[in-house]
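Structure assessment
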Amino acid sequence: MSAFGKRGSLSAGQRPTFGVAKPMKGSGSAKAASLPGGDQFPPVEDLAQQVEPDGSEPTPVIPGGAMDRLNNRQNASGEAASSKQEGFEASVHRIKEQVLPRLLERVDPEAAATLSKDELAEEFRPIISEVLAELKITLNRREQFALEKVLVDELLGLGPLEELLADPNISDIMVNGPDQCFVERKGKLELAQIQFRDEEHLFQIAQRIVNKVGRRVDQTTPLADARLQDGSRVNVIIPPLSLRGTAISIRKFSEKPITIDMMRGFGSMSEKMATVLKIAGASRMNVIISGGTGSGKTTMLNALSKMIDPGERVITIEDAAELRLQQPHWLPLETRPANLEGQGAITIRDLVINALRMRPDRIILGEIRGAECFDLLAAMNTGHDGSMATLHSNSPRECLARMENMVMMSDIKIPKEAISRQIADSVDLIVQVKRLRDGSRRTTNITEVIGMEGDVIVTQELFKFEYLDESPDGRILGEYRSMGLRPYTLEKAKQFGFDQPYLEACL
């Protein structure tokens, strides 16, 4: 048997398969077969037609091994999945296509727009019954309710996306053109059973989303960032940039805000790590949350922000407002794209500079992408302790390198050593979050920035997640390990009276 699990006899002169165990030759081999432990080798009759060139019997490869999975993936069909519906939902949508044009003839759109969804459904019920009678379509109670919901979603909501947005288990929605939609449940992607009539239908829904926040998507601006009423982040990209039709990506937010204690309960961090993060938020440490796309950076930032004193003035700055702080004195700011003439754009950097004139206690950036990094570092160093931001990177050391690069990419002409020193003086903690391959999101590192040694930024790791094994159901098993080091930021915690619990948590 080969490493890929295929049976077959080996011709003379062919090399044996790697990993095949062969019995030792010699006068004692038959006797050894009867000893305890020999049952780990399969009986000879089970290996008929399988003979090594030297006449010995190979041990079969266990099916379902790593190489088998690799082989199955290679042989899997590469055809694009389609999320076209079948059965009950498909029949309701077909009826909707017949009813909708006649319904629109009898409804005043302006009057309908003033009603809530429940009120509109109540008004529609007799009209839908009339239209169904005209079309000679008979529906049972369940089908009629489903049809009413689909029609109301079509006129006032976001059409087929409404049922996905209502599902609390879905965290991401990715529409790849009118014929395909994927969702993320518990960290895993799966095909969603929804459909759009055509590209025009999908484009209308995309426009409805971006128009609600005063933005637009068309041939002149084929990219747009927006948000839904519940704060969920939306990105829209249309042809000719998207080759499969309009693409909509929605990052949903849970209705119930996630706290650090909840994250600890989910297994995202240990008890000691949760204590350290709570103290870091309350002691006004400057924190950078680092991680990849979809790793939970914004969720972590929201959770950390709950430790901010209610008496502090907090200003958040984002491209598309998605942070949801619970503090009473919180002012969110949002960037503005350029107009049709390419003028009037307000960048994150403009807002950071302006925020410094607004008497903030803390400035929180949704994400650092460029030159605004230098202005945030300056703010951290000029009386705005406790400022926070997120940043895309794969490790704490890479996070520092990216911050250096972003400052150097701007028009600020200062030497690299000065930039490194500014970072070392400003940043206290780097919290690294990752989405592992089993879909779980973990806090993998909590790292302190100590200072400079020559021209290198010195850090020390307080906590680390160590991979141990994988369970039979695919879950990653690991351990949150404390490095047992005395924290360099202990002095900041001491100013707020948290020095003893902070030291105990780290050691």
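Quick caveat, the model's predicted, so the values are computed rather than measured.

The rules behind these values
- Residues numbered from 1 in each chain as written.
- Predicted model: local features only at pLDDT ≥ 70, side-chain atom pairs only at ≥ 80, totals over all residues.
- Heavy atoms only, no water.
- Helix = DSSP H or I, 4+ residues; strand = E, 2+ residues; numbered from the N terminus.
- Buried < 20%, exposed > 50% of the residue type's maximum accessible area, 1.4 Å probe, protein only.
- Contact = heavy atoms within 4.5 Å.
- Areas by Shrake-Rupley, 256 points an atom, 1.4 Å probe, with all protein chains shown as cover.
- Phe/Tyr/Trp six-rings, centres within 6.5 Å; stacked < 30°, edge-to-face > 60°.
- Core = buried A, V, L, I, M, F, W, Y, C linked by side-chain atoms within 4.5 Å.
- Pairing = 2+ DSSP bridges.
- Axes fitted to C-alpha atoms, helices over the stretch in contact; angles between N-to-C directions.
- Salt bridge = Lys/Arg side-chain N within 4 Å of Asp/Glu carboxyl O.
- Polar contact = N/O pair within 3.5 Å; in protein donor to acceptor, adjacent residues only side chain to side chain.
- Lys, Arg positive; Asp, Glu negative; His and termini not counted.
- Parallel < 35°, antiparallel > 145°, perpendicular 65-115°, else oblique.
- Left-handed = near helix turned anticlockwise from the far one by under 90°.
- Nonpolar A, V, L, I, M, F, W, Y, C, P; charged D, E, K, R; others polar.
- pLDDT = per-residue confidence, 0-100.

Observations regarding the overall build of the protein
Within the protein one finds 17 helices and 15 strands. Taking all 507 residues of the protein together, 43% fall into the buried category. Excluding contacts between residues fewer than 6 apart, the proportion of contacts in the protein whose partners are at least 24 apart in sequence is 58%. As presented, the protein carries roughly 26900 Å² of accessible surface, and 53% of it is formed by carbon and sulfur atoms.

Here we look at the environment of Pro240
Along the polypeptide, Pro240 turns up in the loop between β5 (233-237) and β6 (247-251). Separated by 21 residues in sequence, Pro240 and Gln219 place their C-alpha atoms 8.1 Å apart.

Focus: helix α15 (residues 416-426)
Every buried residue of α15 is accounted for by Ile419, Ser420, Gln422, Ile423, Ala424 and Ser426. Taken together, the buried residues of α15 touch α13 (372-380), α14 (396-409), β13 (441-453) and β14 (456-470).

Quick notes on unusual backbone geometry
Leaving glycine out, the prevailing phi sign among residues is negative, and the prevailing peptide bond configuration is trans. Residue Pro239 is joined to Pro240 through a cis peptide bond whose omega torsion reads 10 degrees. With a phi close to 60 degrees, Arg284 is a non-glycine residue in the positive phi region. Assessed through its relative accessible area of 17%, Arg284 is described here as buried.

Some details on the packing of aromatic side chains
For any two aromatic rings, the description comes down to two numbers: the centre-to-centre distance and the angle of the planes. Applying the stated criterion across every chain yields a total of 1 aromatic pair. Note on Phe465 and Tyr480: the rings are 5.0 Å apart at their centroids and 50 degrees apart in plane angle, and the pair reads as tilted. Placement of Phe465 in strand β14 and of Tyr480 in strand β15 (residues 476-482) is noted, with a sequence separation of 15 residues between them. Accessibility classification places Phe465 together with Tyr480 in one group, the buried group.

Brief notes about the nonpolar core
Ranked by internal contacts, the top residues of the largest apolar core, which has 38 residues, are Met300 and Tyr502. No other element matches helix α10 (residues 271-282), which puts 6 residues into this core. If we ignore the near neighbours within four places in the chain, the residues touching Met300 are Met263, Met269, Leu277, Ile289, Val431, Val433 and Thr443. Within the second largest apolar cluster, 30 residues are counted, among which are Ala379, Met380, Ile419 and Ile430.

Notes on the sheet that holds β5
The 6 strands are arranged β3-β2-β1-β6-β5-β4 in an open sheet whose pairing can be described as antiparallel. Across the chains shown, the open sheet's two edge strands, defined by having one partner strand only, are β3 (188-191) and β4 (223-227). Direction aside, the axes of adjacent strands within the sheet are offset by 20 degrees on average.

Digging into the pattern of salt bridges
In the structure shown here, the tally under the stated rule is 21 salt bridges. The salt bridge partner of Asp375 is Arg349, with a shortest N-O separation of 2.7 Å. Placement of Asp375 in helix α13 and of Arg349 in helix α12 (residues 348-355) is noted, with a sequence separation of 26 residues between them. According to the relative accessible area criterion, Arg349 is partly exposed, its value standing at 21%. A salt bridge links Arg359 to Asp361; the nearest nitrogen and oxygen atoms lie 3.1 Å apart. A single salt-bridge network, built from bridges that share partners, covers Asp261, Arg264, Glu271 and Lys278.

A look at the environment of Trp330
Topologically, Trp330 is positioned in strand β9 (residues 330-334). Each C-alpha atom, one on Trp330 and one on Pro310, is 9.3 Å from the other, the two residues being 20 residues apart in sequence. The residues contacting Trp330, other than those within four sequence positions of it, are Val314, Thr316, Leu323, Arg324 and Leu325. Engagement of the side chain of Trp330 in a polar contact is seen with the side chain of Thr316, the distance being 3.0 Å.

Focus: the sheet that holds β15
Strand order in the open sheet formed by 9 strands is β9-β8-β10-β11-β7-β12-β13-β14-β15, and the pairing between neighbours is mixed. Here the strands that pair on one side only, and so sit at the sheet edges, are β9 and β15. Strand-to-strand, the axes of this sheet are offset by a mean angle of 25 degrees, without reference to chain direction. Against the sheet, helix α11 (residues 297-305) contacts β7 (287-291), β10 (362-365), β11 (388-392), β12 (429-435) and β13, and its axis sits at roughly 155 degrees relative to β7.

Thoughts on the side chain of Arg284
Along the chain, Arg284 turns up in the loop between α10 and β7. We note that Arg284 is buried and unpaired, the nearest opposite charge coming from Glu312 at a distance of 4.1 Å. Within the structure, the side chain of Arg284 is placed 2.9 Å from the backbone oxygen of Asp385, a separation counted as a polar contact. Other than its neighbours up to four places away in sequence, Arg284 contacts Glu312, Asp361, Arg362, Gly383, His384, Asp385, Gly386, Lys492 and Phe496.

What about the packing of α12 against α13?
The interhelical angle for the contact between α12 and α13, taken along N-to-C directions, is 20 degrees, at an axis separation of 9 Å. As summarised for this structure, α12 and α13 are arranged roughly parallel, according to the angle between their axes. Viewed along their axes, α12 and α13 form a crossing whose handedness is left-handed. In this structure, α12 uses Ile348, Arg349, Val352 and Ile353 to contact α13, whose residues at the interface are Glu372, Asp375 and Leu376. The residue inventory of the contact of α12 with α13, partitioned by class, reads 4 nonpolar, no polar and 3 charged.

Side note on the confidence of the model for the protein
In the predicted model, the protein carries a mean pLDDT of 81, and 84% of its residues have values of at least 70. The model gives residues 1-13 a pLDDT under 50, and that stretch makes 21 contacts with residues more than four places away or in other chains. Throughout residues 59-63 the model reports pLDDT below 50, and contacts reaching past four residues in sequence, or to other chains, amount to 12 contacts.

Focus: the side chain of Arg313
Take Arg313: it is sitting in the loop between α11 and β8 (314-318). The charged side chain of Arg313 is buried without a salt bridge, its nearest counter-charge being Asp361 at 7.1 Å. Among the polar contacts listed, one links the side chain of Arg313 to the backbone oxygen of Met358, at a separation of 2.8 Å. If we skip the residues at most four places from it in the chain, Arg313 touches His329, Leu331, Met358, Arg359, Pro360, Asp361 and Arg362.

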